[in-house]
Amino acid sequence: MIAQAFARIECHYFINKGFFESDNWLLDNTHKISHIPTVIIQGRYDVVCPMISAWELHKCLPDAEFHVIQDAGHSMTEPGIAACLVKYTDKFANI
């Protein structure tokens, strides 16, 4: 039941192009958040969000820390990604 609800929400966003004004809207607007400490964590074997997407984001946010987790795919539950997420959650806890 949860998967079905998630799929409906996801399809709604896909049909409406994420409600963005253009395909590059996120990248074109990164200047609005460039002052916020940012970490990009990318699994090397992620086929859902390809590496090029993370790299393009990093090029727009050059001050962001960029980590490629060598033995991970897309899931936040994979050990390397989970460890990196916890590390930075702890680091930013008091901001």
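Structure's up top.
Thresholds applied
- Residues numbered from 1 in each chain as written.
- Predicted model: local features only at pLDDT ≥ 70, side-chain atom pairs only at ≥ 80, totals over all residues.
- Heavy atoms only, no water.
- Helix = DSSP H or I, 4+ residues; strand = E, 2+ residues; numbered from the N terminus.
- Buried < 20%, exposed > 50% of the residue type's maximum accessible area, 1.4 Å probe, protein only.
- Contact = heavy atoms within 4.5 Å.
- Phe/Tyr/Trp six-rings, centres within 6.5 Å; stacked < 30°, edge-to-face > 60°.
- Patch = residues over 30% accessible without salt bridge, like charges linked within 9 Å, V, L, I, M, F, W, Y side chains within 5 Å.
- Areas by Shrake-Rupley, 256 points an atom, 1.4 Å probe, with all protein chains shown as cover.
- Salt bridge = Lys/Arg side-chain N within 4 Å of Asp/Glu carboxyl O.

Engineer: I'd like to hear about the environment of Glu78, residue by residue, with values.
Structural biologist: The topology assignment puts Glu78 in the loop between β2 (65-69) and α4 (79-92). Relative accessible area serves as the criterion here: at 22%, Glu78 is assigned to the partly exposed category. With 35 residues separating them in the primary sequence, Glu78 and Gly43 have C-alpha atoms 9.2 Å apart. Excluding residues that lie within four positions of it along the chain, Glu78 makes contacts with Asp71, Ala72 and Gly73.

Engineer: Explain the packing of aromatic side chains to me, using residue names and the numbers behind them.
Structural biologist: Enumeration over the complete set of coordinates arrives at 4 aromatic pairs. Look at Tyr88 and Phe92: their rings are 6.0 Å apart centre to centre, the planes differ by 35°, and that puts the pair in the tilted class. Taken together, the residues Tyr88 and Phe92, both in helix α4 and 4 residues apart, mark about one turn of the helix. For Tyr88, a relative accessible area of 6% gives the class buried.

Engineer: Which residues make up a nonpolar patch on the surface, and what values do they have?
Structural biologist: On the surface, a cluster of nonpolar side chains totalling about 330 Å² of accessible area is made up of Ile9, Tyr13 and Phe19. Examined against the element boundaries, Tyr13 turns out to sit in helix α1 (residues 2-15). Tyr13 gets classed as partly exposed once you look at its relative accessible area, which sits at 44%.

Engineer: Before we move on, can you summarise unusual backbone geometry with the specific residues and values?
Structural biologist: Within the chain, Lys17 stands out as a residue other than glycine whose phi angle is a positive 50°. Taking relative accessible area as the criterion, Lys17 reaches 63% and is therefore assigned exposed. Of note, Phe19 is a non-glycine position whose phi angle comes to about 65°, a positive value. Within the secondary structure, Phe19 is located in the loop between α1 and α2 (25-28).

Any functional reading would require information that these geometric values do not contain.
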